[in-house]
Amino acid sequence: MSEPVLSIRDLSISFQTSNGMVNAIRGVDLDLHKGETVAIVGESGSGKSVTVKAIMRILSSNQMINSGTIQFKYERENEKVSQDLLQLSKKEMRNRINGKRIAMVFQDPMTSLNPTMTIGKQIMEGMIIHLNMSKSAARARALELLRLVGITDPEKRMKSYPHQLSGGMRQRVVIAIMLACNPEVLICDEPTTALDVTIQAKILELIKEIQKKTQISVIYITHDLGVVAKVADYVAVMYAGKIVEKGTVNDIFYDPRHPYTWGLLSSMPDIGTDNEKLYTIPGSPPNLLHKIEGDAFAPRNANALNIDFKQEPPMFKVSDTHYAATWLLHENAPKIPMPENLRHRIDRIVKEAGSAWQEHRSYK
Ligand SMILES: Nc1ncnc2c1ncn2[C@@H]1O[C@H](COP(=O)(O)OP(=O)(O)O)[C@@H](O)[C@H]1O
Ligand SMILES: [Mg+2]
């Protein structure tokens, strides 16, 4: 495994609101390695966006960073630099990091596009400002990028305005803009959620192809586990502001250990399961205005242990790549297996897709 490009340690973030403090992020540790993709998954409100917005330092003004470091390692003029992004000013972030070294694609491409400016100008802008490129060099590279993201007739598209493109095409243009300055890290926050399934698949394929060519590191946020299986090397499962399980894609899909991950996987539609009978996790996530005692998932877990309501579980190590914060992994815990339906489903998927899946996963 290569060394991490980005290391988040003990990150805690609250928001000041008229109802009190919302403890949105409660001690997140996460590593992103060169050329790899980490997917962050979890229900809405679990803290996925807040985590990546903290990396870009684009949180709202009512945020409070209570603790943590976000160490970013990169090369500047052939020298290795390691910088805690939380120590930089917003201005330094804008000038040195955002767009240039870390770029972000949002769910709605219009967040990143200027409706009054041609596509060509928007792609060229960053290269001219950040990379001191001449107009003609930037133009040549913009055309190249449009081809890379699969836009036909790029010469003509350079002169188009965002409203003249479909949603899928706009998202491709955003990806081209984000790649223009050769960033080391690309963050995608539900970039395909608003797109139809075929376009979604194409964008995912595109991100993977670009990654093979450029060795860019990607953080991919989604609540769709089918997408995770397609794009990710590593998966971090978030619940109520914490990462409750992390591991390789195989660790998480074939050997999940946290009852919340069991619930998420059980509620994931797949071809072999009658989707009408799909499981939904009972209850709802805790209110982050209140202090959470013990395991935040305990009230929704039918098999919760007494200790789950009292004491927060630490991250237990399952293997060198796999960790989960559940008391079930304590040596004295009762042996509670994953739900039978999920067991059968995983066994079936492994049997059906087994060798093909393994091959597909090890393309790198
Ligand atoms: N600016 C804000 N003010 C108050 N609460 C916020 C703010 N931004 C996010 N939150 C809260 O932080 C929690 C995590 O949100 P978010 O990271 O957006 O979730 P998601 O996993 O869906 O991306 C939610 O409870 C959300 O309401
Ligand atoms: Mg979000």
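Quantities reported herein were computed from a predicted structural model and do not represent experimental measurements.

Let's talk about the pairing of strand β3 (residues 37-41)
In terms of residue burial, β3 counts as a mostly covered element, since five of its five residues are buried. Of the two faces of β3, the one lined by Thr 37, Ala 39 and Val 41 and the one lined by Val 38 and Ile 40 are each fully buried. In this structure, β3 lies alongside strand β8 (residues 217-221), joined through four bridges in parallel fashion. Within β8, the residue paired with Ile 40 across the bridge is Ile 221. Pairing between β3 and strand β9 (residues 234-239): four bridges, direction parallel. Within β9, the residue paired with Ala 39 across the bridge is Val 235.

Here we look at the site of ligand 1
Taken together, the neighbourhood of ligand 1 is formed by 14 residues, with Gly 45, Lys 48, Ser 49, Val 50 and Ser 60 sitting nearest. With respect to ligand 1, the side chain of Lys 48 contributes an N or O atom lying 2.9 Å from an oxygen atom. For ligand 1, the protein covers 68% of the area, taking 560 Å² as the surface of the free molecule. Counting only elements with at least two residues in the shell around ligand 1, the list comes to β1 (4-17) and α1 (48-56). Among the elements that take part in the shell around ligand 1, α1 stands out by supplying three residues, more than any other. For the shell around ligand 1, the class distribution of residues is four nonpolar, eight polar and two charged.

Examining the environment of Leu 86
With respect to the helices and strands, Leu 86 occurs in the loop between β5 (79-84) and α2 (90-97). The class for Leu 86 is buried, based on a relative accessible area of 15%. Between the C-alpha atom of Leu 86 and that of Asp 10, which follows or precedes it by 76 residues, the distance is 12 Å. Residues in contact with Leu 86, not counting those within four places in the same chain, are Leu 11, Ala 54, Arg 57, Ile 65, Gly 68, Thr 69 and Ile 70.

Cut-off values and rules
Residues numbered from 1 in each chain as written. Chains lettered and ligands numbered in written order. Predicted model: local features only at pLDDT ≥ 70, side-chain atom pairs only at ≥ 80, totals over all residues. Heavy atoms only, no water. Buried < 20%, exposed > 50% of the residue type's maximum accessible area, 1.4 Å probe, protein only. Helix = DSSP H or I, 4+ residues; strand = E, 2+ residues; numbered from the N terminus. Pairing = 2+ DSSP bridges. Near = heavy atom within 4 Å. Polar contact = N/O pair within 3.5 Å; in protein donor to acceptor, adjacent residues only side chain to side chain. Areas by Shrake-Rupley, 256 points an atom, 1.4 Å probe, with all protein chains shown as cover. Nonpolar A, V, L, I, M, F, W, Y, C, P; charged D, E, K, R; others polar. Contact = heavy atoms within 4.5 Å.

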